[in-house]
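Structural overview for review
Below are the chains, spelled out letter by letter.
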Amino acid sequence: MPASHPDVRGGRLAPEELEANFADLHPALEAHEALVEADRCYFCYDAPCMQACPTSIDIPLFIREIQTGNPIGAAKTILSSNILGGMCARVCPTETLCEEVCVREVAEGKPVKIGMLQRYATDALMETGEHPFRRSPATGRTIAVVGAGPAGLSCTHRLAMKGHDVTIFDAREKPGGLNEYGIAAYKATDDFAQAEVEFLLKIGGITVETGKALGRDIHLSDLRNDFDAVFLGLGLGGVNALFDGEDASGSHDAVAWIADLRQTAELSALPVGRRVVVIGGGMTAIDAAVQAKALGAEEVTLAYRRGREAMNASAYEQEVAATRGVHIRCNLQPARILAENGHVVGIVFERTKVGSDGRLAGTGETVTIEADQVFKAIGQNFLPDGTQAEGGDIALDRGRIQVDAARRTSLPGVWAGGDCIADGEDLTVVAVEDGKIAAEDIHAALMAQAKVAAE
């Protein structure tokens, strides 16, 4: 039976231990290290790494620029394709994207450290305090961008660079979206998300309004009337339901907990259980588990309903969790939370197996794991609040916004991108590409309108 008297408190570790645990996961390369790594690149023609990058960064070119002692030029190459290249260098699963298809990875099992080289270049440019792009002459056109996450920021910068005036709205107190609130603290240290936003805004022509939620403070019909175009980068605000007992004290949404951790000035003040269980198999689950352990939890178990090979988190991220003391247990699906006096004391799982038809099924055998805290990281869903407008609601597909290849929605003058669209992926780099594609189409549409008006 689970023990009573849950143990959830802050201050489990000394300040120096916390500092070490939340230090940069991958310390930046020194100049010599970057040159040595750049020398390993074969500078392939029709490079597979470039094809694997959702934003199509010219990887051989920027590595060649580093090799020739021009990291600033390399950064410009990167940022021309991905304006959030600094954050993507820190959080992209390069091991399943560009580095996975690197010729050296295929031949030797040791790819060129593309992500680290990208960070080296973008950091070098940001340290100059200069912005590498110039704004085109003002067009007089205005665009509303709702959501200051990766998709919204990418769209905003590209439109501002083309001379349009952009107002970006966000429901939270700070811009940045997932980069500010959803990334593990040890992956983006030194308040990098906000530094990158400030860098992006230097292009000019951008107004940021925080604390403005769609459907509450701003409304789609008004935005369509007041602006020449609207882009929605709303992200996912809903949390998937799991089982009975989720309202017990000590049961948390992992996304919200990570956001709280990212905004906590004093980590020692953040309470964490002695025994923590995280439910899920994606990046959020890994980030919650690793950070709970980093805060001083003695036992952290990550439970996933299928086998390791089916986890959304990459093998590398699973290894990070395991080496940092997280116990990963597979083929366990949650059945119910055990609570005493309204607080979590454990969780009951049912063992699972995959049948001959490929479907997951319970075996009837149960396992109980003691826990003071349970974090649920089983995915989020889109909340369509605020997407209604005069002339019709935005069409949805599988519960998210339906868009075409140019990221146009069913409503004229409204585009969308990021996690909120039907084919959206939980990757910063994919959201950046969505914003870029939408911006290019918005610009083309506005210029075509201006041409017709002039005639």
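Keep in mind that what you see is a predicted model, and the values were worked out from it rather than measured. (Residues numbered from 1 in each chain as written. Predicted model: local features only at pLDDT ≥ 70, side-chain atom pairs only at ≥ 80, totals over all residues. Heavy atoms only, no water.)

When helices and strands are tallied, the protein shows 16 helices and 19 strands. Computed over its C-alpha atoms, the radius of gyration of the protein comes to 23 Å, within 12% of the 23 Å expected for a compact globule of 455 residues. Seen along its three principal axes, the alpha-carbon backbone of the protein occupies a region of about 80 × 60 × 50 Å. Burial status across the protein gives 52% buried among its 455 residues. (Helix = DSSP H or I, 4+ residues; strand = E, 2+ residues; numbered from the N terminus. Rg over C-alpha atoms; globule rule 2.2 N^0.38 Å. Buried < 20%, exposed > 50% of the residue type's maximum accessible area, 1.4 Å probe, protein only.)

Before going further, it helps to examine the sheet that holds strand β19 (residues 414-416). Ordered by their spatial adjacency, five strands build an open sheet running β4-β3-β2-β5-β19, and the pairing between neighbours is parallel. In this open sheet, the two edge strands, each paired with only one partner strand, are β4 (206-210) and β19. When the angles between neighbouring strand axes are averaged without regard to direction, this sheet yields 20 degrees. Across three bridges, the pairing between strand β5 (residues 229-232) and β19 is parallel. In the sheet register, F231 faces β19, and the bridge partner there is W415. (Pairing = 2+ DSSP bridges. Axes fitted to C-alpha atoms, helices over the stretch in contact; angles between N-to-C directions.)

Once that is clear, we can look at the pattern of salt bridges. Pairs may arise between side chains of opposite charge once their charged atoms sit close together. In the structure shown here, the tally under the stated rule is 26 salt bridges. Across the pair D123 and R90 runs a salt bridge whose closest N-O atoms are separated by 3.1 Å. Of the two residues, D123 is situated in helix α8 (residues 114-128) and R90 in helix α6 (residues 85-91); the sequence distance between them amounts to 33 residues. The salt bridge involving D434 is made with R407; its shortest N-O contact spans 2.8 Å. Of this pair, D434 sits in helix α16 (residues 428-454) while R407 sits in the loop between β18 (400-401) and β19; the two residues are 27 residues apart in sequence, bridging distant segments of the chain. R407 shares its class with D434; the two are buried. (Salt bridge = Lys/Arg side-chain N within 4 Å of Asp/Glu carboxyl O.)

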